[in-house]
Amino acid sequence: MTGQDRACGGGTSGQDRARGGGTSGQNAGAPLRACGLVKTFGGRPAVRDVSFEVGAGETLAIVGESGSGKSTTARMLVGLLRPDRGQVLLDGDDLARLRGRALRARRRDLQMVFQDPLGSLDPAMRVGASIAEPLLLHTALDAAARRDRVADLLRRVGLRPEHADRLPRAFSGGQRQRIAIARAIACDPRVLICDEPVSALDVSTQAQILGLLAGLRETTGFGCVFISHDLAVVRLVADRIGVMRGGELVELGPAEQIYTDPRHEYTRELVAAVPSLTARRAARTPCTNPKEVDG
Ligand SMILES: Nc1ncnc2c1ncn2[C@@H]1O[C@H](COP(=O)(O)OP(=O)(O)OP(=O)(O)O)[C@@H](O)[C@H]1O
Ligand SMILES: [Mg+2]
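Residues numbered from 1 in each chain as written. Chains lettered and ligands numbered in written order. Predicted model: local features only at pLDDT ≥ 70, side-chain atom pairs only at ≥ 80, totals over all residues.

In the annotation of an unreviewed UniProt entry, the entry for the chain reads ABC transporter ATP-binding protein, and the organism field reads Nonomuraea mesophila. In its Sequence similarities (unreviewed entry) section, UniProt records this for the chain: "Belongs to the ABC transporter superfamily." (UniProt positions renumbered as here; feature names shortened; annotations may be inferred.)

Right, here's the structure in full:
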């Protein structure tokens, strides 16, 4: 498996490779590396030996059918779930080995955006306070500096500073996702994990949020793991695509190769199931540039 080899180097198991210290040759610069992740629930494997890396400023999309293990993988990446085996390395640091202040410092570099923004926004908290929360936890900014930073973040996600005083219920789904993104990028994370961030939105709002993420990635340089069940959505943001099935990463490659020359039979089925992709493929239309997406 080319992608898995690329993530952790060599032909040994993820664990063995990762034990080498997190600096294996050409991949040493990737901020995030998942090495041989395994998770089983009640004897049923949800994720089996999944490995990949995410470079700075790169978006790795993970696609696959419902139950294929995408969210379980994401939850292990951000530490919401402990892997049974394998490691998550952030700039070479094994997060499972860190404790206390060192762990908190690394956690700020790895943030998550969920499908339902209310999952990360307290409905009773004004959005300014929600966005400021990670700043309070992870930085030494005083109240005035936090207010300025919140105003700046709101502008960067296409909202206005005065929106800070409102509650989440005053916003549309797309606006709430913008607020969740502002909170996630508040401390300039190295990597953003987005689990189906646009799946609950209508198509035009989806395009706007995808454009926003692409623009932010360009200006801030975070690496991004973008999870979706929708290959057409992923086309707008992915540099590389990993395809999951039954807890396994069955194929991992450059986005254009996945669309035009899928190697695994399951990937071929997925691509064939999206008529707009096969039509573009026939016309040899180049992959959409994220910069062209309306933000
Ligand atoms: N906390 C849990 N307890 C028991 N089983 C779980 C738990 N979380 C996930 N699973 C199981 O693990 C498998 C993978 O689930 P996961 O949520 O990772 O899939 P997914 O690819 O994100 O699916 P979807 O596209 O529906 O979000 C499924 O069989 C699911 O039922
Ligand atoms: Mg999921």
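Picking up where we left off.
Ligand 1 sits among Phe41, Ala46, Gly64, Ser66, Gly67, Ser68, Gly69, Lys70, Ser71, Thr72 and His229. The element best represented in the shell around ligand 1 is helix α3 (residues 70–77), accounting for 3 residues. Of the residues assigned to the shell around ligand 1, the class counts are 2 nonpolar, 8 polar and 1 charged. (Near = placed C-beta within 6 Å. Helix = DSSP H or I, 4+ residues; strand = E, 2+ residues; numbered from the N terminus. Nonpolar A, V, L, I, M, F, W, Y, C, P; charged D, E, K, R; others polar.)

Strand order in the open sheet formed by 4 strands is β2-β1-β4-β5, and the pairing between neighbours is antiparallel. The open sheet has two free edges, formed respectively by β2 (44–54) and β5 (93–94), since each of these has just one partner strand. Relative to strand β4 (residues 85–90), strand β1 (residues 32–41) is paired through 5 bridges, and the arrangement is antiparallel. In the strand pairing of β4, Cys35 is matched with Gln87. Along the sheet face, α3 touches β1, β2 and β4 and points at about 120° away from the line of β1. (Pairing = 2+ DSSP bridges. Contact = placed C-beta atoms within 7 Å. Axes fitted to C-alpha atoms, helices over the stretch in contact; angles between N-to-C directions.)

Relative to β2, β1 runs antiparallel, the two being bridged by 7 bridges. By the bridge assignment, Lys39 is partnered in β2 with Val47. A loop of 2 residues connects β1 with β2, the two strands running antiparallel in sequence, and Gly42 in this loop sits at a positive phi of about 55°.

For the rest of this paragraph, the subject is the packing of helix α5 (residues 127–138) against helix α6 (residues 143–156). Where α5 contacts α6, the two axes come as close as 9 Å, and the packing angle between them is 120°. One element, α5, and the other, α6, form an angle in the oblique class. Helix-helix and strand crossings are classified by hand; for α5 and α6 the assignment is right-handed. For the pair α5 and α6, the contacting residues are Gly128, Ile131, Ala132, Leu135 and Leu136 in the first and Arg146, Arg149, Val150 and Leu153 in the second. Residues of the contact of α5 with α6, tallied by class, amount to 6 nonpolar, 1 polar and 2 charged. (Parallel < 35°, antiparallel > 145°, perpendicular 65-115°, else oblique. Left-handed = near helix turned anticlockwise from the far one by under 90°.)

Once that is clear, we can look at helix α8 (residues 203–220). Over its 18 residues, α8 extends 26 Å from the first C-alpha to the last, a length consistent with the 26 Å expected when each residue adds 1.5 Å. Buried residues in α8 make contact with β3 (59–64), α6, α7 (173–184), β7 (191–195), β8 (223–228) and α9 (231–234). Of the residues trailing α8, Gly221 is marked for its positive phi of about 80°. (Expected span 1.5 Å × (residues − 1).)

Here the focus is the packing of α5 against α7. α7 packs onto α5 with a crossing angle of 25° between their chain directions and a minimal axis gap of 8 Å. With respect to their mutual orientation, α5 and α7 come out roughly parallel. Along the contact surface, α5 presents Val127, Ser130, Ile131 and Pro134, while α7 presents Ile179, Ala182 and Arg183. Classifying every residue of the contact of α5 with α7 gives 5 nonpolar, 1 polar and 1 charged.

Within the open sheet, the 6 strands sit side by side as β6-β7-β8-β3-β9-β10. Their pairing is mixed. Since the sheet does not close on itself, it has two edges, and those belong to β6 (110–113) and β10 (248–254), each with one partner. Strand-to-strand twist of the sheet, defined as the mean angle between neighbouring strand axes without regard to direction, takes the value 20°. Across 5 bridges, β7 lies against β8 in parallel orientation. Bridged to Leu192 within β8 is Cys224. Sheet strands touched by α7: β6 and β7. Its angle to β6, the strand with the most contacts, is close to 175°. Strands in contact with helix α11 (residues 265–272) are β3, β9 (240–245) and β10; relative to β9, the strand with the most contacts, it is inclined by about 105°.

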